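# Examining the three-dimensional arrangement
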Amino acid sequence: MAAEKSQLLITHARLATLGDAPALIEDGALLIEDDDGRIAALGPTAELAARYPAAERWDAAGQLVLPASICAHTHFYGAFARGMAVPGEPAADFPQILERLWWRLDKALTLGDARYSALVCLVDAVRHGTTTLIDHHASPNGIEGSLDVVAEAVREAGLRACLCYEVTDRDGPERAQAGIVENVRFARSQFVNHDSQFAASFGLHASLTLSDETLADCVSAVGDLGLGFHVHVAEDGADQDDSLHKSGKRVVHRLHDAGILGPRTIAAHCVHVDEGEIELLAETGTWVTHQPRSNMNNGVGVAPIERMLRAGVNIGLGNDGFSNHMFAEMKAAYLVHKLNQRDPRAMPGDLVMRLAYANNARLARVFWPDLVLGELREGAAADLVFLDYAPTTPLTAGNLPWHLLFGIEASAVTATLCAGRVLMRDRELLTLDEEAITARSRELAAQVWDRVNEQGLF
Ligand SMILES: [Zn+2]
């Protein structure tokens, strides 16, 4: 006789289903069966409790349960930048930020650092209920095998990640080629297969650090692997100036002509794109990701998100290495467009919510075609976040976005599940040793900072 399936029934939850027909199920229950990590049933607690009397129970005690968050663009390798003093004058523009901060930090990373930098971000992701992350990695002095190191950390955490290595010419032709090899190697590795928690994409830094020759090498390396690209696009005006100088074309046109765009490609940022470029992004089905906290921090401008959406561009929400508290990114998106356009009607809450859930879930399906994320329904992935949130005003499926934007702080997150596996319960991490990771990270970060300082001034 076959062993009985183990079942977990979450009871007495306020379930916000999201999806095409968003509902708020008061005193709801949700059944997870351990064999596939999907939601097997959901409905009123009384009904499900009667139907599944043998299931193990978890009383959510009225907490708000939502689909877990998805991050469309991040950099695990950037975690050691927190609090790092950069020698010399403060960077005056975006190219200086790249040269003085990021291109010194990434050169100082060993594979051991890459592991802990990732683990720090993964602790943060579990703590904030973000279970699917699309990462863009750089460690030019430890390229080969770096994506396996990151993947091992993701495996330990129990999260989902789409990984790539950023190919660039800025560290010389050998490292550019090593980056190409690493992308292809990882995409073919044991980590990436149908149904796994991993997916691969092909990383490119940005048009401004890539020659036509290297772009052509990347396209031919992809061959029949079926990979899309993951590249920073027009994050700053400098990318446009460089592209016009190099090719006489604007960035989106240059990348399109090189064969980079398409429905599996992510163009991060697109702050400085014109109407022709927006049209091309829409026509090619290319994904754009929006990272308002990063854009504000770098002072690069505000991406024309609503204009791109009206033109039919696919847009998701990332964090560019900021905290994996995606509610904070949503808040930034909600606020910055209003200020920028001096119009309180700009970027309404339900639109922010669409980017963060429906659109990010659609983007995730590019990498995991069989997975339903971003909504709670039968058959959807059991990727959940529990929020200790007692609304002080009426809460409905219709006004949920504004409750999330104005009411949810990071401290509200008490539990995180990915594929039915409990990664955090009652704010206690169950897969990662947060204390040990934090202590080791602090030691390694100090060593990285020393190596950054040894690189001297630019
Ligand atoms: Zn980025």
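Figured I'd write up the structure that's included with this text. (Residues numbered from 1 in each chain as written. Predicted model: local features only at pLDDT ≥ 70, side-chain atom pairs only at ≥ 80, totals over all residues. Heavy atoms only, no water.)

What follows deals with the pairing of strand β6 (residues 69-74). Within β6, six of the six residues are buried, which leaves it mostly tucked inside the rest of the structure. As paired elements, β6 and strand β7 (residues 130-135) share four bridges and run parallel to each other. Paired with Cys 71 across the strands is Leu 133, a residue of β7. (Buried < 20%, exposed > 50% of the residue type's maximum accessible area, 1.4 Å probe, protein only. Helix = DSSP H or I, 4+ residues; strand = E, 2+ residues; numbered from the N terminus. Pairing = 2+ DSSP bridges.)

In this section: the layout of surface pockets. Its boundaries defined by the atoms lining it, the largest pocket holds a volume of some 1,000 Å³. In terms of lining residues, the largest pocket is bounded by 46 residues, among which Gly 78, Ala 79, Ala 81, Arg 82 and Gly 321 are the most central. Broken down by secondary-structure element, the contributors of at least two residues to the lining of the largest pocket are α2 (94-105), α3 (111-127), β10 (202-206), α10 (292-298) and α15 (434-454). The dominant element in the lining of the largest pocket, judged by the number of residues it contributes, is α15, at seven residues. Grouping the constituent residues of the lining of the largest pocket by class yields 21 nonpolar, 14 polar and eleven charged. (1 Å grid on protein atoms, 1.4 Å probe; cavity = no way out; pocket = protein on both sides within 12 Å on 5 of 7 lines; lining within 4 Å. Points joined across faces, edges and corners; volume = space filled by probe spheres on them. Nonpolar A, V, L, I, M, F, W, Y, C, P; charged D, E, K, R; others polar.)

This part takes up the sheet that holds β6. The strands making up a sheet are joined through hydrogen bonds of the backbone, oriented either antiparallel or parallel. Ordered in space as β6-β7-β8-β9, the four strands form an open sheet in which the pairing is parallel. Here the strands that pair on one side only, and so sit at the sheet edges, are β6 and β9 (198-200). Averaged over all pairs of adjacent strands, the angle between their axes in this sheet comes to 15°, without regard to strand direction. (Axes fitted to C-alpha atoms, helices over the stretch in contact; angles between N-to-C directions.)

Residues of helix α14 (residues 400-407) that are buried: Leu 400, Pro 401, His 403, Leu 404 and Leu 405. On the buried face of α14, the contacting elements are β1 (7-16), β5 (64-67), α12 (326-341), α13 (349-367) and β15 (384-387). (Contact = heavy atoms within 4.5 Å.)

Let us now look at the packing of α3 against helix α4 (residues 146-157). In contact at an axis separation of 9 Å, α3 and α4 are set at 35° when each is read in the N-to-C sense. Viewed along their axes, α3 and α4 form a crossing whose handedness is right-handed. Note on element contacts: α4 touches α3 through Ser 146, Val 149, Val 150, Ala 153, Val 154, Glu 156 and Ala 157, opposite Leu 111, Ala 114, Arg 115, Ala 118, Leu 119 and Leu 122. (Left-handed = near helix turned anticlockwise from the far one by under 90°.)

A separate point is the environment of Trp 449. Examined against the element boundaries, Trp 449 turns out to sit in helix α15. Sequence separation between Trp 449 and Val 313 is 136 residues, and the spatial gap between their C-alpha atoms is 40 Å. When residues no more than four places from it in sequence are discounted, the contact partners of Trp 449 are Phe 80, Arg 82, Gly 83 and Met 84.

Counting 114 residues, the largest nonpolar core has Leu 66, Leu 122, Phe 202, Leu 204, Met 308, Leu 387 and Leu 404 as its most contacted members. Broken down by element, the residue count for this core peaks at eight residues, all from α3. Those residues in contact with Leu 204, other than ones at most four positions away along the chain, are His 136, Tyr 165, Glu 166, Val 167, Leu 210, Leu 215, Cys 218, Phe 229, His 230, Val 231, His 232 and Ile 260. (Core = buried A, V, L, I, M, F, W, Y, C linked by side-chain atoms within 4.5 Å.)

Counting through the fold element by element, Arg 14 comes out in strand β1. One polar contact links Arg 14 to Glu 26, side chain to side chain, over a distance of 2.9 Å. The residues touching Arg 14, leaving out its near neighbours within four places in the chain, are Leu 24, Ile 25, Glu 26, Gly 62, Gln 63, Leu 64, Val 65, Tyr 389, Pro 391 and Leu 395. (Polar contact = N/O pair within 3.5 Å; in protein donor to acceptor, adjacent residues only side chain to side chain.)

It is worth spelling out the sheet that holds strand β14 (residues 314-317) at this point. Within the open sheet, the five strands sit side by side as β10-β11-β12-β13-β14. Their pairing is parallel. One side of each edge strand has no neighbouring strand; the edge strands of this open sheet are β10 and β14. Sheet twist, expressed as the average angle between the axes of neighbouring strands with direction ignored, equals 25°. Bridging between strand β11 (residues 229-233) and strand β12 (residues 266-269) involves four bridges; their strand directions are parallel. Each residue of the ladder has a partner; that of His 232, found in β12, is Ala 268.

Coordination of the zinc ion by the protein involves His 73 (NE2), His 75 (NE2), His 232 (NE2) and Asp 320 (OD), with metal-donor separations of 2.0 to 2.2 Å. Considering all four donor atoms around the zinc ion, the spread of angles at the metal, 92 to 165°, places the coordination shape in the irregular class. Sequence positions of the donors to the zinc ion reduce to the motif H-x1-H-x156-H-x87-D. On the criterion of sequence distance, the pair formed by His 73 in strand β6 and His 232 in strand β11 is long-range, its members being 159 residues apart. For His 73, a relative accessible area of 0% corresponds to the buried category. For His 232, a relative accessible area of 6% translates into the label buried. (Donors = N, O, S within 2.8 Å, 3.2 Å for Na, K, Ca; no water. Tetrahedral: all angles 85-135°; square planar, octahedral: opposite > 155°, others 65-115°.)

Next up on the list: the pairing of strand β17 (residues 421-425). In terms of strand pairing, strand β16 (residues 413-418) meets β17 through three bridges, oriented antiparallel. Directly across from Thr 416, in β17, lies its bridge partner Met 424. Hairpin connection of β17 to strand β18 (residues 428-429): two residues between the antiparallel strands, including Asp 426 at a positive phi of 50°.

Vacant regions in the atomic arrangement are exposed by a probe of water-molecule size rolled over the atoms. For the structure shown, the criterion picks out one cavity of 30 Å³ or more. Taken as a whole, the largest cavity encloses approximately 50 Å³ of empty space. Looking at side-chain class alone, the lining of the largest cavity contains four nonpolar, one polar and four charged residues.

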